[in-house]
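# Breakdown of the fold
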Amino acid sequence: MSERGLTPALSPSNAAELDALDATSLRARLCERADDAWRLACEIHPALPRPRVWFDLKGRSAGQAHYGRGGLRFNAVLLTDNRHVFFDEIVPHEMAHWLVFHLENGARARPHGREWKGVMRGLYGLTPHVTHRLDVSRASPQPYLYRCDCETPHRFTARRHAMARRGSRYACRRCGSRLRFERVVAADTPAVPNA
Ligand SMILES: [Zn+2]
Ligand SMILES: [Zn+2]
(Lines give C-alpha, C1' and ligand atoms only; values in the text may rest on other atoms or scores of the structure.)
(Ligands and ions follow the chains in the order given, each with its own letter.)
Protein backbone atom coordinates (compact mmCIF):
# COMPACT_ATOMS: atom_id res chain seq x y z
CA MET A 1 0.00 0.00 0.00
CA SER A 2 2.93 2.35 0.48
CA GLU A 3 4.15 4.74 -2.15
CA ARG A 4 7.83 5.29 -2.70
CA GLY A 5 9.15 8.09 -0.54
CA LEU A 6 6.19 8.25 1.82
CA THR A 7 6.63 7.64 5.54
CA PRO A 8 3.48 7.51 7.67
CA ALA A 9 3.49 10.44 10.10
CA LEU A 10 1.40 8.62 12.71
CA SER A 11 3.24 5.78 14.41
CA PRO A 12 2.24 2.44 12.90
CA SER A 13 -0.35 0.67 15.03
CA ASN A 14 0.30 -2.73 16.55
CA ALA A 15 -2.28 -5.13 15.09
CA ALA A 16 -1.96 -7.77 17.81
CA GLU A 17 -2.31 -5.17 20.54
CA LEU A 18 -5.40 -3.68 18.89
CA ASP A 19 -6.97 -7.11 18.43
CA ALA A 20 -6.70 -7.72 22.18
CA LEU A 21 -8.78 -4.64 23.13
CA ASP A 22 -12.39 -4.88 24.24
CA ALA A 23 -14.97 -2.66 22.55
CA THR A 24 -14.74 0.18 25.09
CA SER A 25 -10.95 0.31 25.08
CA LEU A 26 -10.90 0.11 21.30
CA ARG A 27 -13.12 3.17 20.99
CA ALA A 28 -11.08 5.07 23.58
CA ARG A 29 -7.93 4.19 21.69
CA LEU A 30 -9.42 5.30 18.41
CA CYS A 31 -10.31 8.66 19.98
CA GLU A 32 -6.66 9.03 21.06
CA ARG A 33 -5.61 8.22 17.53
CA ALA A 34 -7.98 10.87 16.19
CA ASP A 35 -6.42 13.34 18.65
CA ASP A 36 -2.94 12.49 17.34
CA ALA A 37 -4.11 13.01 13.77
CA TRP A 38 -5.80 16.28 14.77
CA ARG A 39 -2.63 17.61 16.47
CA LEU A 40 -0.71 16.95 13.26
CA ALA A 41 -3.37 18.80 11.27
CA CYS A 42 -3.05 21.75 13.67
CA GLU A 43 0.51 22.20 12.45
CA ILE A 44 -0.98 23.29 9.14
CA HIS A 45 -4.05 25.02 10.54
CA PRO A 46 -3.55 26.00 14.21
CA ALA A 47 -7.16 27.16 14.57
CA LEU A 48 -8.57 23.82 13.38
CA PRO A 49 -11.43 22.89 15.72
CA ARG A 50 -11.05 19.57 17.52
CA PRO A 51 -13.63 17.24 15.97
CA ARG A 52 -15.99 15.27 18.15
CA VAL A 53 -16.04 11.54 17.49
CA TRP A 54 -19.03 9.23 17.16
CA PHE A 55 -19.35 5.54 16.38
CA ASP A 56 -22.81 5.64 14.86
CA LEU A 57 -22.08 5.13 11.16
CA LYS A 58 -23.83 2.09 9.68
CA GLY A 59 -23.59 -0.04 6.58
CA ARG A 60 -20.60 -0.19 4.28
CA SER A 61 -19.07 3.21 5.00
CA ALA A 62 -16.05 3.20 7.28
CA GLY A 63 -15.98 6.84 8.27
CA GLN A 64 -17.43 10.23 7.53
CA ALA A 65 -16.45 13.78 8.33
CA HIS A 66 -19.70 15.44 9.35
CA TYR A 67 -19.26 19.20 9.23
CA GLY A 68 -22.80 20.02 10.36
CA ARG A 69 -22.43 17.96 13.53
CA GLY A 70 -18.87 19.08 13.97
CA GLY A 71 -16.98 15.84 14.03
CA LEU A 72 -16.08 12.45 12.64
CA ARG A 73 -18.34 9.46 12.50
CA PHE A 74 -16.98 5.93 12.45
CA ASN A 75 -18.57 2.56 11.81
CA ALA A 76 -18.29 0.52 15.03
CA VAL A 77 -18.84 -2.84 13.32
CA LEU A 78 -16.23 -2.21 10.64
CA LEU A 79 -13.85 -0.84 13.28
CA THR A 80 -14.10 -4.05 15.29
CA ASP A 81 -13.36 -6.18 12.25
CA ASN A 82 -10.70 -3.95 10.64
CA ARG A 83 -8.84 -2.33 13.55
CA HIS A 84 -5.47 -1.93 11.92
CA VAL A 85 -6.90 -0.28 8.78
CA PHE A 86 -8.91 2.16 10.87
CA PHE A 87 -5.92 3.30 12.89
CA ASP A 88 -3.50 3.54 10.00
CA GLU A 89 -5.75 4.76 7.19
CA ILE A 90 -9.36 5.60 8.01
CA VAL A 91 -8.59 8.04 10.83
CA PRO A 92 -6.09 10.10 8.78
CA HIS A 93 -8.39 9.83 5.74
CA GLU A 94 -11.29 11.43 7.62
CA MET A 95 -9.11 13.92 9.45
CA ALA A 96 -7.73 15.05 6.08
CA HIS A 97 -11.33 15.79 5.00
CA TRP A 98 -11.88 17.67 8.26
CA LEU A 99 -8.76 19.75 7.74
CA VAL A 100 -9.43 20.54 4.07
CA PHE A 101 -12.97 21.61 4.85
CA HIS A 102 -11.70 24.16 7.37
CA LEU A 103 -9.03 25.60 5.11
CA GLU A 104 -9.78 28.77 3.23
CA ASN A 105 -12.00 27.82 0.26
CA GLY A 106 -11.83 24.21 1.50
CA ALA A 107 -15.59 23.84 1.62
CA ARG A 108 -15.56 24.22 -2.16
CA ALA A 109 -12.83 21.61 -2.75
CA ARG A 110 -13.81 18.27 -4.24
CA PRO A 111 -14.08 15.52 -1.57
CA HIS A 112 -11.05 13.55 -2.77
CA GLY A 113 -9.51 16.29 -4.85
CA ARG A 114 -6.09 17.89 -5.04
CA GLU A 115 -6.23 19.45 -1.54
CA TRP A 116 -7.25 16.24 0.19
CA LYS A 117 -4.63 14.20 -1.68
CA GLY A 118 -2.02 16.80 -0.76
CA VAL A 119 -2.84 16.45 2.96
CA MET A 120 -2.78 12.66 2.77
CA ARG A 121 0.65 12.63 1.16
CA GLY A 122 2.26 15.73 2.60
CA LEU A 123 0.94 15.67 6.17
CA TYR A 124 0.14 12.04 6.91
CA GLY A 125 2.65 10.42 4.58
CA LEU A 126 0.03 8.10 3.10
CA THR A 127 -1.01 7.10 -0.38
CA PRO A 128 -4.40 8.75 -0.89
CA HIS A 129 -6.78 5.81 -1.35
CA VAL A 130 -10.42 6.65 -1.88
CA THR A 131 -11.59 3.12 -1.16
CA HIS A 132 -10.37 0.58 1.37
CA ARG A 133 -10.20 -3.17 1.40
CA LEU A 134 -12.32 -3.94 4.42
CA ASP A 135 -14.15 -6.89 5.82
CA VAL A 136 -17.75 -5.70 5.49
CA SER A 137 -19.42 -9.10 5.83
CA ARG A 138 -20.90 -8.31 9.25
CA ALA A 139 -21.56 -4.63 8.61
CA SER A 140 -23.31 -5.06 5.30
CA PRO A 141 -27.04 -5.61 5.66
CA GLN A 142 -27.00 -7.66 2.43
CA PRO A 143 -24.01 -9.98 2.56
CA TYR A 144 -25.48 -12.79 0.44
CA LEU A 145 -24.63 -12.62 -3.24
CA TYR A 146 -26.99 -14.26 -5.72
CA ARG A 147 -26.63 -14.68 -9.46
CA CYS A 148 -28.98 -15.01 -12.39
CA ASP A 149 -28.47 -15.77 -16.10
CA CYS A 150 -27.84 -12.16 -17.11
CA GLU A 151 -25.09 -11.74 -14.51
CA THR A 152 -26.82 -8.87 -12.73
CA PRO A 153 -25.54 -9.16 -9.16
CA HIS A 154 -28.28 -9.54 -6.55
CA ARG A 155 -27.70 -9.08 -2.85
CA PHE A 156 -29.86 -10.67 -0.17
CA THR A 157 -30.31 -9.91 3.49
CA ALA A 158 -29.91 -12.77 5.99
CA ARG A 159 -33.69 -12.97 6.24
CA ARG A 160 -34.24 -13.22 2.49
CA HIS A 161 -31.41 -15.72 2.18
CA ALA A 162 -33.08 -17.90 4.81
CA MET A 163 -36.35 -17.71 2.86
CA ALA A 164 -34.58 -18.80 -0.31
CA ARG A 165 -32.96 -21.66 1.59
CA ARG A 166 -36.39 -22.78 2.71
CA GLY A 167 -37.60 -22.90 -0.89
CA SER A 168 -38.88 -19.41 -1.76
CA ARG A 169 -38.15 -18.64 -5.38
CA TYR A 170 -36.77 -15.30 -6.45
CA ALA A 171 -36.36 -14.27 -10.09
CA CYS A 172 -34.31 -11.58 -11.80
CA ARG A 173 -36.53 -8.77 -13.01
CA ARG A 174 -34.37 -8.28 -16.08
CA CYS A 175 -33.80 -11.80 -17.39
CA GLY A 176 -36.49 -13.69 -15.50
CA SER A 177 -34.20 -16.54 -14.46
CA ARG A 178 -34.19 -17.93 -10.95
CA LEU A 179 -31.64 -16.39 -8.58
CA ARG A 180 -29.02 -18.82 -7.34
CA PHE A 181 -26.96 -18.36 -4.21
CA GLU A 182 -23.30 -17.79 -5.02
CA ARG A 183 -21.43 -16.79 -1.88
CA VAL A 184 -21.30 -14.61 1.20
CA VAL A 185 -19.49 -11.44 0.24
CA ALA A 186 -15.90 -12.09 1.16
CA ALA A 187 -13.43 -10.30 3.32
CA ASP A 188 -11.87 -8.38 0.46
CA THR A 189 -14.91 -6.40 -0.58
CA PRO A 190 -14.03 -2.75 -0.82
CA ALA A 191 -15.96 -0.29 1.27
CA VAL A 192 -16.07 3.33 0.35
CA PRO A 193 -15.82 5.81 3.18
CA ASN A 194 -18.14 8.73 2.75
CA ALA A 195 -16.87 12.12 1.68
ZN1 LIG B 1 -30.83 -11.51 -14.70
ZN1 LIG C 1 -13.04 10.28 1.84
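Residues numbered from 1 in each chain as written. Chains lettered and ligands numbered in written order. Predicted model: local features only at pLDDT ≥ 70, side-chain atom pairs only at ≥ 80, totals over all residues.

Running from N to C, helix H4 (residues 83-102) and helix H5 (residues 114-122) point in directions that differ by 130 degrees, and their axes come no closer than 9 Å. With respect to each other, H4 and H5 are oriented oblique. Both H4 and H5 take part in a crossing whose hand is right-handed. Along its contact with H4, which presents Pro 92, Ala 96, His 97, Leu 99 and Val 100, the element H5 presents Glu 115, Trp 116, Val 119 and Met 120. Along the lines of polarity and charge, the residues of the contact of H4 with H5 split into seven nonpolar, one polar and one charged. (Axes fitted to C-alpha atoms, helices over the stretch in contact; angles between N-to-C directions. Helix = DSSP H or I, 4+ residues; strand = E, 2+ residues; numbered from the N terminus. Parallel < 35°, antiparallel > 145°, perpendicular 65-115°, else oblique. Left-handed = near helix turned anticlockwise from the far one by under 90°. Contact = placed C-beta atoms within 7 Å. Nonpolar A, V, L, I, M, F, W, Y, C, P; charged D, E, K, R; others polar.)

Considering the arrangement of structural elements, one finds Ala 139 in the loop between strand E4 (132-133) and strand E5 (144-147). The contacts of Ala 139, once residues within four sequence positions are left out, are Gly 59, Arg 60, Asn 75, Val 77 and Leu 78.

A one-sided burial pattern is seen for E5, the buried positions being Tyr 144 and Tyr 146 and the unburied ones Leu 145 and Arg 147. Pairing geometry for E5 and strand E6 (residues 154-156), over three bridges, is antiparallel. Residue pairing for E6: Tyr 144 is matched across the bridge by Phe 156. Counted between consecutive antiparallel strands, the loop separating E5 from E6 contains six residues, among which Glu 151 sits at a positive phi close to 70 degrees. Sheet analysis places E5 next to strand E7 (residues 180-184), joined by four bridges and oriented antiparallel. Across the sheet, residue Leu 145 finds its bridge partner in E7, namely Arg 183. (Buried ≥ 20, exposed ≤ 12 C-beta atoms within 10 Å, placed from the backbone. Pairing = 2+ DSSP bridges.)

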